[in-house]
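# Breakdown of the fold
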Amino acid sequence: MRKEPPGGEELAIAAPHCYCGRLARLQTSWTESTPLRRFFVCPKLERGKNGCGFFVWVDIEMPRRERALMAWLLRTKREVEDQIVHARAREKKLWIALFISWAFVFMIWFGNIG
Ligand SMILES: [Zn+2]
C-alpha cells in the first residue's frame, strides 16, 4: 500500500554492488528518526534475514528541524489516509442503508396498491 516517494530512478541504475556481488537495492526509511532518507542494502535483506550486511546511506542526514517536520507530515498523512478509509467504509454502509430503506418504501407503496 505504501508508495515509494518520487526520485531514485537514476540511483537504481547506479546502484553499488553489495558484499555478495549483487546489485544493492534502494530503499526508503520510514522511521521517525530518519524519515524518507534513502539507503542501499543487500538485495537478500528480508524480514529475518540480513543478507551480507551491506548498508549505505544515499541521502545526507536532514537537519533536526526538517526531520521533525517530515516525521510530523508523514504521521499526519497516515492519519488522513486512515480517516479516508473509515469515511469510505461509512459511506458504503450508508448507501446500503439508503438502498434498503428505499426497498422498504417501494414494498410498502406497491403493497398498498396491489
Ligand atoms: Zn549482499
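Parameters and conventions
- Residues numbered from 1 in each chain as written.
- Predicted model: local features only at pLDDT ≥ 70, side-chain atom pairs only at ≥ 80, totals over all residues.
- Heavy atoms only, no water.
- Core = buried A, V, L, I, M, F, W, Y, C linked by side-chain atoms within 4.5 Å.
- Buried < 20%, exposed > 50% of the residue type's maximum accessible area, 1.4 Å probe, protein only.
- Contact = heavy atoms within 4.5 Å.
- Helix = DSSP H or I, 4+ residues; strand = E, 2+ residues; numbered from the N terminus.
- Polar contact = N/O pair within 3.5 Å; in protein donor to acceptor, adjacent residues only side chain to side chain.
- Donors = N, O, S within 2.8 Å, 3.2 Å for Na, K, Ca; no water.
- Tetrahedral: all angles 85-135°; square planar, octahedral: opposite > 155°, others 65-115°.

On to the nonpolar core. In terms of nonpolar packing, the biggest core is built from six residues, these being A15, C18, A24, F40, C42 and F54. Ignoring any residue separated from it by four or fewer positions in sequence, one finds C42 in contact with C18, C20, R25, G51, C52 and F54.

Moving on, we come to the side chain of T34. With respect to the secondary-structure elements, T34 resides in the loop between strand 1 (25-28) and strand 2 (38-41). Among the polar contacts made by the side chain of T34, one reaches the side chain of T31 at a distance of 2.7 Å. Apart from the residues lying within four places of it in its own chain, the contact partners of T34 are S29 and W57.

Looking now at the coordination of the zinc ion. On the protein side, the zinc ion has C18 (SG), C20 (SG), C42 (SG) and C52 (SG) as donor atoms, found 2.1 to 2.3 Å from it. If you look at the zinc ion, its four donor atoms make angles of 99 to 116° with each other, and the shape they trace is tetrahedral. The sequence pattern describing where the donors of the zinc ion fall on their chain is C-x1-C-x21-C-x9-C. With a gap of 32 residues between them, C20 in the loop between helix 1 (9-13) and strand 1 and C52 in the loop between strand 2 and strand 3 (55-57) connect regions that are remote in the sequence.

No statement about biological role is implied by the geometric values presented.
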